[in-house]
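# Fold and geometry: a report
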Amino acid sequence: MKRLIINSDDYGRTPEVSRGIRAAHLLGVVTSTTCMMNIPTTAADIKIGLWETPQLGLGVHLVLTADKPIGPYESVKSITDENGNFLKLAALIQRINDIDVNEVKAEWRRQIEAFIQAANKKPTHLDSHHHSSYFSPSLFRAMLELAQEYDCAIRLPVVNDSDDMAGLPPELIGPIREYAPKLFAEFNPRRPKAFFASFYDDLATHDELQRIISEVGDGTYEIMTHPGYVDDELLKASSYARQRETELKILTDPSIKQAIRSNEIELVTFASL
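Residues numbered from 1 in each chain as written. Predicted model: local features only at pLDDT ≥ 70, side-chain atom pairs only at ≥ 80, totals over all residues. Heavy atoms only, no water.

## Regarding the overall build of the protein
Tallying secondary structure elements over the protein gives 10 helices and 8 strands in all. Its C-alpha atoms give the protein a radius of gyration of 17 Å, near enough to 19 Å, the size a compact globule of 273 residues would have. C-alpha atoms of the protein, sized along the principal axes, occupy 55 × 40 × 35 Å. Counting contacts in the protein only where the partners sit at least 6 residues apart, residues at least 24 apart contribute 75% of the total. When the accessible surface of the protein is split by element, carbon and sulfur atoms take 50% of a total near 11,700 Å². Between the averaged position of the 29 positive side-chain charges in the protein and that of its 39 negative side-chain charges there is a distance of 3 Å. (Helix = DSSP H or I, 4+ residues; strand = E, 2+ residues; numbered from the N terminus. Rg over C-alpha atoms; globule rule 2.2 N^0.38 Å. Contact = heavy atoms within 4.5 Å. Areas by Shrake-Rupley, 256 points an atom, 1.4 Å probe, with all protein chains shown as cover. Lys, Arg positive; Asp, Glu negative; His and termini not counted. Charge placed at Lys NZ, Arg CZ, Asp CG, Glu CD.)

## Quick notes on the environment of arginine 244
Within the element layout of this structure, arginine 244 appears in helix H9 (residues 242-251). We classify arginine 244 as buried; its relative accessible area is 2%. In this structure the C-alpha to C-alpha distance between arginine 244 and arginine 211, which are 33 residues apart in sequence, comes to 20 Å. Discounting residues that sit within four places of it in the chain, arginine 244 has contacts with Asp10, Val17, His226, Pro227, Gly228, Leu234 and Ser238. (Buried < 20%, exposed > 50% of the residue type's maximum accessible area, 1.4 Å probe, protein only.)

## Focus on the nonpolar core
Core analysis: the biggest nonpolar cluster contains 81 residues, and Ile46, Trp108, Leu126 and Phe140 have the highest contact counts within it. Per-element accounting of this core gives the leading share, 8 residues, to helix H6 (residues 170-187). In contact with tryptophan 108, not counting residues within four places along its chain, are Leu62, Val63, Leu64, Ser132, Ser133, Leu139, Ala142, Met143 and Leu146. (Core = buried A, V, L, I, M, F, W, Y, C linked by side-chain atoms within 4.5 Å.)

## Focus: unusual backbone geometry
Peptide bonds are trans in most cases, and residues, glycine excluded, mostly fall at negative phi. The phi angle at asparagine 120 is positive, at roughly 60°, despite the residue not being glycine. By the secondary structure assignment, asparagine 120 is in the loop between helix H4 (101-119) and strand E4 (125-128). Exposure remark for asparagine 120: the relative accessible area of 71% places this residue in the exposed category. Despite not being glycine, aspartate 201 has its phi angle at roughly 55°, a positive value. Secondary-structure assignment places aspartate 201 in the loop between strand E6 (194-196) and helix H7 (206-215). Aspartate 201 gets classed as partly exposed once you look at its relative accessible area, which sits at 36%.

## A few points about the pattern of salt bridges
In this structure the tally under the stated criterion is 15 salt bridges. Here aspartate 127 makes a salt bridge to arginine 155, at a shortest N to O gap of 3.3 Å. With aspartate 127 in strand E4 and arginine 155 in the loop between strand E5 (153-154) and H6, the pair connects residues that are 28 residues apart, well separated along the chain. Judged by its relative accessible area of 0%, aspartate 127 falls in the buried class. For the salt bridge of arginine 211 with glutamate 208, the shortest nitrogen-to-oxygen distance reads 2.7 Å. Here arginine 211 and its partner glutamate 208 are both found in helix H7, 3 residues apart, which amounts to about one turn of the helix. Residue classification places glutamate 208 among the buried residues on the basis of a relative accessible area of 9%. Connected via shared salt-bridge partners are Asp9, Asp127, Arg155 and Glu222. (Salt bridge = Lys/Arg side-chain N within 4 Å of Asp/Glu carboxyl O.)

## Some words on the state of the cysteines
Applying the stated criterion to the full structure yields 0 disulfides. Cysteine 152 supplies the cysteine sulfur nearest to cysteine 35, a cysteine that is in no disulfide, at a spacing of 12 Å. Judged by relative accessible area, cysteine 35 falls into the buried class, the value being 0%. (Disulfide = S-S within 2.5 Å.)

## Quick word on the pairing of E4
The side chains of a regular strand alternate between the sheet's two faces. In E4, alternate side chains face the same way, and those of His125 and Asp127 on one face and Leu126 and Ser128 on the other are all buried. Of the pairings in the sheet, the one linking strand E3 (residues 57-62) to E4 comprises 3 bridges and is parallel in character. In the sheet register, histidine 61 faces E4, and the bridge partner there is aspartate 127. Where E4 and E5 come together, 2 bridges link them in parallel fashion. Of the residues in E5, the one forming a bridge with leucine 126 is isoleucine 154. The parallel pair E4 and E5 is bridged by helix H5 (residues 137-149), and the resulting crossover is right-handed. (Pairing = 2+ DSSP bridges. Right-handed = clockwise from strand over helix to strand, strands pointing away.)

Below you can see the structure in the form of structure tokens.
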């Protein structure tokens, strides 16, 4: 049986991104999203989502590289800059061996608990902004321990029919290939069979999405997407802004729904794993 999760990352990045994700679900093929709980407006966006899009799967997008942590500065010193903001992606990678994983795990737990407080239920799954939860064995273990603790699934960033890792910084892929299988064997988390990260930026096209859909085989697969509406807040905060409206247009195109039907694919959420 072919099953497909189409997940929109970054719910809560701005209220307009959240509104676009809800539109991608109501009018298109998106089945799931992951929430950035360190953004102050995300809790309100979740409340709207529970009312407007009750069938949309809701997970937690664990954050280490955007805006500020939930916890106080004294508790997150190894993962923040002098202004109390999370490190940017390049800085996090540069300092990956010096961060305190206990600080990270405590902060991620705060983010999960903030979701539970807002949604009044546990998340369907965990993934991470910029895939930061896979950047070291200790970070990956922390995510797996939290997924086990909260009894939820995780994202599996492995390319279909290979051991390649999708969407991760090239300089980290070699080490991840070494430790990820061992940790998967130890924890055996619920996760999809494979992951498609290519529908992004210049490859966020009808043709690419159609190609991905044609590759879905038996089992459960995940496609990562980033739809949304653009506003000034997003333009100031993210380099991936205008592209979100392009993704939204494609994800709500009737031809994509038709391709999914033609390939006899069932659209599901992480809750089905």
